[in-house]
There are 2 protein chains.
Amino acid sequence: MVSSVLKAIQILETLGNNENLGVTELSRNLEFPKSSVHSILETLASEGLIEKVPETSKYHLGLKLIELGNRAQLNLDICKISHPYLKNLNKLTDETVHLTVLDNDEVLYVDCIESEQWLRTYSVIGLRAPLYCTSVGKAVLANLDYSHALNIIREKGLQRITENTITDEKIMIKELETIRNKGYAIDNMEHEDQLVCVGAAIRNAKGEAFASISVSGPAARHNISNIDELGESVKEATREISWKLGYRSGSIN
Amino acid sequence: MVSSVLKAIQILETLGNNENLGVTELSRNLEFPKSSVHSILETLASEGLIEKVPETSKYHLGLKLIELGNRAQLNLDICKISHPYLKNLNKLTDETVHLTVLDNDEVLYVDCIESEQWLRTYSVIGLRAPLYCTSVGKAVLANLDYSHALNIIREKGLQRITENTITDEKIMIKELETIRNKGYAIDNMEHEDQLVCVGAAIRNAKGEAFASISVSGPAARHNISNIDELGESVKEATREISWKLGYRSGSIN
DNA sequence: AAACGAGGTTCTTATATAGGAACGTTGTTC
DNA sequence: GAACAACGTTCCTATATAAGAACCTCGTTT
């Protein structure tokens, strides 16, 4: 383990969360000595991972990171394979479509195609969300080992975010069963008021649910009657992607 | 300057260009000792910037980089401000629209909205291209200091890429003058066969042309008659963006 | 306008690390 | 199946660096 590299990464993360910080602010935030921060910033800036605003001597993330991030996205198998299916779902539904992967017991949004409608879900690539209150998250959660899922639920807790958030463990366990039976998860304004999503999990060759896709739109457009139809489309897409990834379902599923 | 951080960055870049490299391959490529590569990889992997494929002990770029890259993109003022204009141009033209910034005497594609048509320009965020043979590049080049532009042209050279690439310095200098007069640059299959683009430069508050926007599509759809119309739309968008960035043109331009 | 304060930068040395070399481990060849 | 080859991993120490402290610079206060 290389401490300076570790520090550099933490600096990048901090700059990602708070744009335009100076040496002292970073040093205080991270509790690194100013001089260390300074020399690391100098190095990062020399390669373009961050940029120094000369007038203020403050730093923000740089162009090279955009380049690397997109390279990472292109190299990520799941993105490559899923993108056409996202496009297709977007065409079919005219709603915003997301691809997420499980990372650190959260979902990380790694691809997105926005709806063309005026009232639409916003693009959120690179953001994270909890598992228990999103369709993408619940779809994955429902397909993890029971003990693992329970662990996550208990460790992270079921914080109330909206009126509809499921905050009771027993109800959540039933919900996960429903999701397994249906093959897709519905988020009925559990994460954001007026936002309804349907998500289904993607499995890798080992059968692990490690990613998921969702379609999301305003509650006004998604009532009980059409949400299941959407759910079936999403489920079908994930089934095909999982197949391409080498998953061969043993059961009738 | 911190050598280990510098090495880490070079490793990330190398992994961006060649996915799935092992310790030895990286060590050979970069001429770093294996042990150094090993400990840096370990550190990068611990934070998720890269991922190790356990079966092969090879590494590729990780999820955290997608996150950081998108954070960088969101924080980049020019992206924030330009995105609505890109959307608008895309709607207006139904062609693929790109935003690039000048970086290291090249253009770096930092945002893109793809056409919905079957035959379309592909999305290329994170890629780079030379200045002399792209509309986005020429638009910027035309608005740099004459000596600076000439320097770039001479240092990088005018390599022939397609039949239409401008490879003669004198012709290029005239072309740049035309671009300044018109306010937009046309790439008539100079970078890729059958691909036609129109681009215009964006200026910051200091008046520096540091970014540009283009609309691009197949030559079949863009003849002499409609290309100038597109050019005017692109020019108008860049004019408004430059204004928002604080640029107050002194001349009639 | 002098003194202060808050930030960025430079200096120096005890300390952690880079990197050469030796060691494991895996899979390939004969 | 033994010997080899190729790669990943671990070890050790000369060396580069982290980090504390001093220093500089600029803006603000009295």
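Because the structure is predicted, anything quoted here is derived from the model rather than measured. (Residues numbered from 1 in each chain as written. Chains lettered and ligands numbered in written order. Predicted model: local features only at pLDDT ≥ 70, side-chain atom pairs only at ≥ 80, totals over all residues. Heavy atoms only, no water.)

## Remarks on the protein's contact with DNA strand C
Reasoning step 1: Close to DNA strand C lie 17 residues; Thr24 and Lys34 of chain A together with Ser4, Pro33 and Ser35 of chain B are nearest.
Reasoning step 2: Here the atoms of DNA strand C within 4 Å of the protein split so that 61% fall in sugar or phosphate, with bases taking the remainder.
Reasoning step 3: Between Ser3 of chain A and DNA strand C, the recorded distance is 3.0 Å, taken from a side-chain N or O atom to a phosphate oxygen.
Reasoning step 4: Within the side chain of Lys52 of chain A, an N or O atom sits 2.9 Å from a phosphate oxygen of DNA strand C.
Reasoning step 5: Put simply, the parts of the chain that give the surface near DNA strand C at least two residues each are α2 (23–30) and α3 (34–46) of chain A together with α1 (3–17) and α3 (34–46) of chain B.
Reasoning step 6: Taken together, the residues of the surface near DNA strand C break down into three nonpolar, 10 polar and four charged. (Near = heavy atom within 4 Å. Polar contact = N/O pair within 3.5 Å; in protein donor to acceptor, adjacent residues only side chain to side chain. Helix = DSSP H or I, 4+ residues; strand = E, 2+ residues; numbered from the N terminus. Nonpolar A, V, L, I, M, F, W, Y, C, P; charged D, E, K, R; others polar.)

## Describing the interface of chain A and chain B
Reasoning step 1: Counting residues at the interface gives 53 residues for chain A, matched by 53 residues for chain B.
Reasoning step 2: At the boundary of chain A and chain B, one finds 10 salt bridges.
Reasoning step 3: Its salt-bridge partner being Glu13 of chain A, residue Lys64 of chain B comes within 3.1 Å of it at the nearest N-O pair.
Reasoning step 4: At the junction of chain A with chain B, the criterion picks out 13 residue pairs in polar contact (both at pLDDT 80 or more).
Reasoning step 5: Taken together, the elements giving at least two residues each to the side of chain A that touches chain B come down to α1 (3–17), α3, α4 (63–75), α5 (77–93), β3 (96–103) and β4 (106–113) of chain A.
Reasoning step 6: Of all the elements, α4 of chain A adds the most residues to the side of chain A that touches chain B, at 12 residues.
Reasoning step 7: Broken down by class, the residue content of the side of chain A that touches chain B amounts to 24 nonpolar, 12 polar and 17 charged. (Contact = heavy atoms within 4.5 Å. Salt bridge = Lys/Arg side-chain N within 4 Å of Asp/Glu carboxyl O.)

## Quick notes on the pairing of strand β7 (residues 195–203) of chain B
Residue and element names in this part refer to chain B.
Reasoning step 1: Taking burial as the measure, the nine residues of β7 include nine buried ones, the bulk of the element.
Reasoning step 2: Where strand β6 (residues 185–188) and β7 come together, four bridges link them in antiparallel fashion. Bridged to Asp187 within β7 is Cys197.
Reasoning step 3: Where β6 folds back on β7, the antiparallel hairpin that results is connected by six residues, among which Met189 adopts a positive phi of roughly 60 degrees.
Reasoning step 4: As paired strands, β7 and strand β8 (residues 209–218) are joined by nine bridges and run antiparallel to one another. In the sheet register, Val198 faces β8, and the bridge partner there is Val215.
Reasoning step 5: Once β7 ends, the chain turns through five residues before running back antiparallel as β8, passing Gly207 with a positive phi of about 90 degrees. (Buried < 20%, exposed > 50% of the residue type's maximum accessible area, 1.4 Å probe, protein only. Pairing = 2+ DSSP bridges.)

## Notes on the domain arrangement of chain A
Reasoning step 1: For chain A, the assigned domains are domain 1 (3–67) and domain 2 (76–244).
Reasoning step 2: Summarising the inter-unit geometry, the C-alpha centres of domain 1 of chain A and domain 2 of chain A are found 34 Å apart. (Domains from an automatic or database assignment.)

## Some details on the protein's contact with DNA strand D
Reasoning step 1: As a structural note, the neighbourhood of DNA strand D is formed by 16 residues, with Ser4, Pro33 and Ser35 of chain A together with Ser3 and Thr24 of chain B the closest of them.
Reasoning step 2: Within 4 Å of the protein, atoms of DNA strand D come from sugar and phosphate in 64% of cases.
Reasoning step 3: The side chain of Ser4 of chain A places a nitrogen or oxygen atom 3.4 Å from a phosphate oxygen of DNA strand D.
Reasoning step 4: One of the side-chain nitrogen or oxygen atoms of Ser35 of chain A is found 2.8 Å away from a base nitrogen of DNA strand D.
Reasoning step 5: Going through the elements one at a time, α1 and α3 of chain A together with α2 (23–30) and α3 of chain B are the ones with two or more residues in the surface near DNA strand D.
Reasoning step 6: Class assignment for the residues of the surface near DNA strand D results in three nonpolar, nine polar and four charged.

## A look at the sheet that holds strand β4 (residues 106–113) of chain B
Residue and element names in this part refer to chain B.
Reasoning step 1: Read from one edge to the other, the open sheet built from six strands follows the order β5-β4-β3-β8-β7-β6, with strand pairing classed as antiparallel. Edge positions in the open sheet fall to β5 (128–129) and β6, since each of these has one partner strand only.
Reasoning step 2: Each of β3 (96–103), β4, β7 and β8 touches helix α5 (residues 77–93); the most contacted strand, β3, lies at about 150 degrees to it. (Axes fitted to C-alpha atoms, helices over the stretch in contact; angles between N-to-C directions.)

## Points about the relation of the copies chain A and chain B
Reasoning step 1: The operation relating chain A to chain B is a screw motion whose rotation component is 180 degrees, with 0.0 Å of axial translation and a residual RMSD of 0.0 Å. Taken together, the rotation angle and the small translation identify this as a two-fold axis. Among all residues of chain A, the minimum C-alpha distance to the rotation axis is found for Gly69 of chain A, at 2.1 Å.
Reasoning step 2: Counting the interface residues of chain A, we find that 100% of their copies in chain B are interface residues as well, pointing to one common contact surface. (Least-squares fit on C-alpha atoms with pLDDT ≥ 70 in both.)

## Concerning the environment of Leu63 of chain B
Reasoning step 1: Locating Leu63 of chain B in the fold gives a position in helix α4 (residues 63–75).
Reasoning step 2: For Leu63 of chain B, a relative accessible area of 8% gives the class buried.
Reasoning step 3: Once the C-alpha coordinates of Leu63 of chain B and Leu49 of chain B are considered, the two residues, 14 residues apart in sequence, prove to be 6.5 Å apart.
Reasoning step 4: Ignoring sequence-local partners within four residues, the contact set of Leu63 of chain B consists of Leu76, Val101, Leu102, Asp103, Leu108 and Val110 of chain A together with Gly48 and Glu51 of chain B.

## Overview of the pattern of salt bridges
Reasoning step 1: Enumeration over the complete set of coordinates arrives at 34 salt bridges over all chains.
Reasoning step 2: For the salt bridge of Arg71 of chain B with Glu67 of chain B, the shortest nitrogen-to-oxygen distance reads 3.8 Å. Placement of both Arg71 of chain B and Glu67 of chain B in helix α4 is noted, with a separation of four residues, approximately one turn of the helix.
Reasoning step 3: Accessibility expressed as a relative area gives 18% for Arg71 of chain B, which makes it buried.
Reasoning step 4: What makes Glu67 of chain B buried here is its relative accessible area of 10%.
Reasoning step 5: If you follow the salt bridges from partner to partner, you end up with Glu67 and Arg71 of chain A together with Asp103, Glu106 and Arg128 of chain B in one network.

## A look at the packing of α1 of chain A against α3 of chain A
All names here are of chain A.
Reasoning step 1: For the pair α1 and α3, the least separation of the axes is 10 Å and the interaxial angle reads 75 degrees. Relative to α3, the element α1 lies roughly perpendicular. On the side of α1, the interface is formed by Ser4, Lys7, Ala8, Ile11, Leu12 and Leu15, while α3 contributes Val37, Ile40, Leu41 and Leu44.
Reasoning step 2: Among the residues making up the contact of α1 with α3, the classes are represented as eight nonpolar, one polar and one charged. (Parallel < 35°, antiparallel > 145°, perpendicular 65-115°, else oblique.)

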